[in-house]
Amino acid sequence: QVQLVESGGGLVQAGGSLRLSCTASGDTFSINARDWYRQAPGKQRELVAAISAGGTTTYADFVKGRFTISRDNAKNTMYLQMNSLKPEDTAVYYCHVRWGMGFNYWGQGTQVTVSS
């Protein structure tokens, strides 16, 4: 099993930056891939960015060029650097990992609010 703890959310003005962190503990050796999702009020949860076990990154079109996903294997921590934030980026951000043979684990979520 894996436990995920997120941090780094908050309130920022449009055009500002935030960095989210997600630290994993437990059986991190079996993590296959790591992602960031977000969910805005009244909307479905959507994939923001992903990083594979081999380090390949993918991004949703709405964050390309503004957000960067990365990880520090020594710290078992994944990051989401968010620049040029827009009010429409306001959401609860969740980290997610795919573990073992098809298991999924989620963080508790961290609120990001971007004011105009």
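Note that this is a predicted model, so its numbers are computed, not measured.

1. Structural notes on the pattern of salt bridges
- Scanning the entire structure with this criterion turns up five salt bridges.
- Close ionic contact of aspartate 35 with arginine 98 constitutes a salt bridge, the shortest N to O distance being 3.2 Å. With aspartate 35 in strand β4 (residues 31-39) and arginine 98 in strand β9 (residues 91-99), this pair connects stretches of sequence that are 63 residues apart.
- The class for aspartate 35 is buried, based on a relative accessible area of 2%.
- Between lysine 64 and aspartate 61 there is a salt bridge, and its shortest N-O distance comes to 3.1 Å.

2. A closer look at the nonpolar core
- Counting residues in each nonpolar core, the largest one holds 29 residues, and the members touching the most others are Trp36, Leu80, Met82 and Tyr93.
- Elements with a minimum of two residues in this core: β1 (2-7), β3 (18-26), β4, β5 (46-52), β7 (67-72), β8 (77-82), β9 and β11 (110-115).
- The element that contributes the greatest number of residues to this core is β9, accounting for five residues.

3. Here we look at unusual backbone geometry
- A positive phi angle is found at asparagine 76, which is not glycine, with a value near 50°.
- With respect to the helices and strands, asparagine 76 occurs in the loop between β7 and β8.
- Look at asparagine 76 and you get partly exposed, because its relative accessible area is 23%.
- In the Ramachandran plot, serine 84 falls in the positive-phi region, its phi being about 50° despite a non-glycine side chain.
- Its place among the elements puts serine 84 in the loop between β8 and β9.

4. Here we look at the side chain of aspartate 35
- Within polar-contact distance, the side chain of aspartate 35 engages the side chain of histidine 96 at 2.6 Å.
- One polar contact links aspartate 35 to arginine 98, side chain to side chain, over a distance of 3.2 Å.
- Not counting the four nearest positions on each side in its chain, aspartate 35 is found in contact with Leu47, Ala49, Ala50, Met78, Tyr94, Cys95, His96 and Arg98.

Analysis parameters
- Residues numbered from 1 in each chain as written.
- Predicted model: local features only at pLDDT ≥ 70, side-chain atom pairs only at ≥ 80, totals over all residues.
- Heavy atoms only, no water.
- Salt bridge = Lys/Arg side-chain N within 4 Å of Asp/Glu carboxyl O.
- Helix = DSSP H or I, 4+ residues; strand = E, 2+ residues; numbered from the N terminus.
- Buried < 20%, exposed > 50% of the residue type's maximum accessible area, 1.4 Å probe, protein only.
- Core = buried A, V, L, I, M, F, W, Y, C linked by side-chain atoms within 4.5 Å.
- Polar contact = N/O pair within 3.5 Å; in protein donor to acceptor, adjacent residues only side chain to side chain.
- Contact = heavy atoms within 4.5 Å.

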